[in-house]
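Descriptive analysis of the structure
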Amino acid sequence: MGEPAIISVRNVSKVFNGGSDRSVTALQDIDLDIARGEFTSLLGPSGCGKSTLLRVMADLTEPSQGQVTVNGKTPAAARTDRDYGMVFQQAGLLEWRSVRRNVELPLQVAGARKEVTRAKAMEMLELVRLSDFAEHFPRQLSGGMQQRAAIARALSADPEILFMDEPLGALDEMNRERLQGELLRIWSDTRTTVVFVTHSISEAVFLSSRVVVMSARPGRVAASIDVDLPYPRTAETRTTPEFFAKVTEVRQALHSVPTEQAAA
Ligand SMILES: Nc1ncnc2c1ncn2[C@@H]1O[C@H](COP(=O)(O)OP(=O)(O)OP(=O)(O)O)[C@@H](O)[C@H]1O
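Counting from 1, residues in each chain are numbered in the order their sequence is written. Thresholds applied to this predicted model are a pLDDT of at least 70 for local features of residues and 80 or more for the giving and counting of side-chain atom pairs; totals over whole chains, interfaces and linings are not thresholded and use all residues.

**Focus on the sheet that holds strand 2 (residues 24-34)**
Two strands pair if DSSP finds at least two bridges between them. Helix numbers and strand numbers start at the N terminus; a helix is a DSSP run of H or I with at least 4 residues, a strand a run of E with at least 2. The antiparallel open sheet is built from 3 strands, whose spatial order is 2-1-4. At either margin of the open sheet sits one strand with a lone partner, and together these are strand 2 and strand 4 (65-70). Strand-to-strand twist of the sheet, defined as the mean angle between neighbouring strand axes without regard to direction, takes the value 20 degrees. Inspection of the sheet shows strand 1 (residues 7-16) paired to strand 4 by 5 bridges, in the antiparallel sense. Pairing of Arg10 across the sheet is with Gln67, part of strand 4. Here an angle of 0 to 180 degrees is reported between the N-to-C directions of two axes, which are lines fitted to C-alpha atoms, with helices fitted over the stretch in contact.

Structure (structure tokens):
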């Protein structure tokens, strides 16, 4: 790899409630490099520490040990500089603001001028194909549309990185597959580096250039699998033998790791 990694995780461990009988080692000795522009999924059994690892990168949780660099800075500095945006399972839109005004929020907080925030919000709504719903309120949108608005909001400050924690987890299967396609289009339009937490093997394979498989208790990186299926990926991609072969490879890697129950 020529360029230095945009995200580098070195020897990171995270213990919750350390020193007590409720101590949980959520992450142990994690080493991970993520290249600029890559779409990386973190996949693993429930409780293996996927969200904790993402939260450590996003400065929402302090590691107990080790170093994390995000865009050449500490996660805290990257957060201040708005180097990344975040999307969670729940869209978390403010009910009393229109969709456009939700998307404007990060720019307003950053102190951008009104004309700039408005133009940028409309550009982002165009990107996620919600321009016609700019003046609607969140409750007037479907779950999938709300997630698209949350993606627009996360991208409004032009972050280099997008952290996504099961962003499609609450959607039905049809909407989920549609949004996966949309997300790849947005990724290819913006060239943002994406780190994506999911439970779904097929979702991870369809979206990612690399799938990082984690094991539970303590959470470790068990395997890193390159997904060399060509982009753009479409509904047809899901029907190819190459896609099935990759899903099988990832499934085998996942099934060879201990689950939280088995390891507890
Ligand atoms: N704030 C916390 N305090 C105590 N323990 C925690 C905390 N957050 C996470 N944990 C524990 O750390 C471990 C990893 O949790 P984490 O949420 O990162 O896993 P995950 O792989 O994202 O799980 P899931 O897929 O179910 O969301 C779990 O055993 C969890 O109970």
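**Some details on the site of the ligand**
As a structural note, the neighbourhood of the ligand is formed by 13 residues, with Phe16, Ala26, Ser46, Ser51 and Thr52 the closest of them. Where the shell around the ligand is concerned, the elements lending two or more residues are strand 2 and helix 1 (50-57). By the convention adopted, Pro, Cys, Tyr, Trp, Phe, Met, Ile, Leu, Val and Ala count as nonpolar, Lys, Arg, Asp and Glu as charged, and the other residues, Gly among them, as polar. Class assignment for the residues of the shell around the ligand results in 4 nonpolar, 8 polar and 1 charged. Any residue whose backbone-placed C-beta atom lies within 6 Å of a molecule or strand is treated as near that molecule or strand.

**A few points about helix 6 (residues 173-190)**
To estimate the expected span of a helix, subtract one from its residue number and multiply by 1.5 Å. Here helix 6 is 18 residues long and its end C-alpha atoms lie 25 Å apart, about the 26 Å a rise of 1.5 Å per residue gives. Residues Leu179, Gln180, Leu183, Leu184 and Ile186 constitute the buried set of helix 6. The buried side chains of helix 6 occupy one side of the element, clustering within an arc of 165 degrees when seen end-on. In helix 6, those exposed residues whose orientation departs by more than 90 degrees from the buried face are Met174 and Asp189. Looking at the packing, one finds that the buried side of helix 6 touches helix 4 (114-127), helix 5 (143-155) and helix 7 (201-207). Positive backbone phi, at 55 degrees, marks Arg191, one or two positions downstream of helix 6. Three classes are used. A residue is buried when 20 or more other C-beta atoms lie within 10 Å of its own, exposed when 12 or fewer do, and partly exposed in between, with C-beta atoms placed from the backbone. Each direction from the helix axis to a C-beta atom contributes to the arc, which is the arc of those directions. Working definition of a contact: two residues with C-beta atoms, positioned from the backbone, lying within 7 Å.

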